[in-house]
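Listed below are the residues making up each chain.
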Amino acid sequence: KQDFRNHLFAYFVVNGLLVAVWLFIALTSDQGFFWPIFPIAGWGVGLIFHWRDAYRHQSITQEDVDREMRHLRAG
């Protein structure tokens, strides 16, 4: 779940910067096409799958518990 939260943070930071670049270009020229929609949408699809894997896992197995315990002990 922490990996998903890091992924979500990176998504907003990077895409926010892309929108800022687009806004600067749109305000200083006649290029108004909202091109950041392509990385926002494409990356968003991957983010949805990551969310599903992190939060909608169907069943918890003993291996899942063991893996999480090893992760917490190593952390």
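This text gives an overview of the structure that appears in the document.

Definitions and limits used
Residues numbered from 1 in each chain as written. Predicted model: local features only at pLDDT ≥ 70, side-chain atom pairs only at ≥ 80, totals over all residues. Heavy atoms only, no water. Helix = DSSP H or I, 4+ residues; strand = E, 2+ residues; numbered from the N terminus. Rg over C-alpha atoms; globule rule 2.2 N^0.38 Å. Buried < 20%, exposed > 50% of the residue type's maximum accessible area, 1.4 Å probe, protein only. Contact = heavy atoms within 4.5 Å. Areas by Shrake-Rupley, 256 points an atom, 1.4 Å probe, with all protein chains shown as cover. Lys, Arg positive; Asp, Glu negative; His and termini not counted. Charge placed at Lys NZ, Arg CZ, Asp CG, Glu CD. 1 Å grid on protein atoms, 1.4 Å probe; cavity = no way out; pocket = protein on both sides within 12 Å on 5 of 7 lines; lining within 4 Å. Points joined across faces, edges and corners; volume = space filled by probe spheres on them. Nonpolar A, V, L, I, M, F, W, Y, C, P; charged D, E, K, R; others polar. Patch = residues over 30% accessible without salt bridge, like charges linked within 9 Å, V, L, I, M, F, W, Y side chains within 5 Å. Salt bridge = Lys/Arg side-chain N within 4 Å of Asp/Glu carboxyl O.

1. Points about the overall build of the chain
Right, so step 1: Looking only at helices and strands, the chain features 3 helices and 0 strands.
Right, so step 2: N-terminal to C-terminal, the α/β element order of the chain is α-α-α.
Right, so step 3: For 75 residues, the compact-globule formula gives about 11 Å, and the C-alpha radius of gyration of the chain, at 18 Å, lies well above that figure.
Right, so step 4: Out of the 75 residues belonging to the chain, those deemed buried represent 13%.
Right, so step 5: Partitioning the intrachain contacts of the chain with sequence separation of at least 6 by distance along the chain shows that 57% fall at a separation of at least 24.
Right, so step 6: Roughly 6100 Å² of accessible area belongs to the chain as shown, and the carbon and sulfur atoms make up 67% of that amount.
Right, so step 7: For the chain, the distance from the average position of its 7 positive side-chain charges to the average position of its 7 negative side-chain charges is 6 Å.

2. Here's the deal with the layout of surface pockets
Empty space among the atoms becomes apparent when a probe as large as a water molecule is rolled across them.
Right, so step 1: Approximately 610 Å³ is the volume found for the largest pocket.
Right, so step 2: Taken together, 17 residues make up the lining of the largest pocket; nearest its centre are Lys1, Asp53, Ala54, Arg67 and Glu68.
Right, so step 3: Elements with a minimum of two residues in the lining of the largest pocket: helix H1 (2-28), helix H2 (37-55) and helix H3 (62-74).
Right, so step 4: For the lining of the largest pocket, the element with the most residues is H3, which contributes 6 residues.
Right, so step 5: For the lining of the largest pocket, a count of residues per class yields 6 nonpolar, 4 polar and 7 charged.

3. Details of the environment of isoleucine 25
Right, so step 1: By the element assignment, isoleucine 25 lies in helix H1.
Right, so step 2: Distance in space between the C-alpha atoms of isoleucine 25 and glycine 44 is 23 Å, their sequence separation being 19 residues.

4. Digging into a nonpolar patch on the surface
Right, so step 1: A contiguous nonpolar patch, built from Val21, Phe24, Ile25, Phe33, Trp35, Ile37 and Phe38 and spanning about 700 Å² of accessible area, is present on the exposed surface.
Right, so step 2: When residues of the nonpolar patch are traced back to their parent elements, those giving at least two are H1 and H2.
Right, so step 3: By residue number, the principal contributor to the nonpolar patch is H1, which donates 3 residues.
Right, so step 4: Among the secondary structure elements, phenylalanine 24 is positioned in helix H1.

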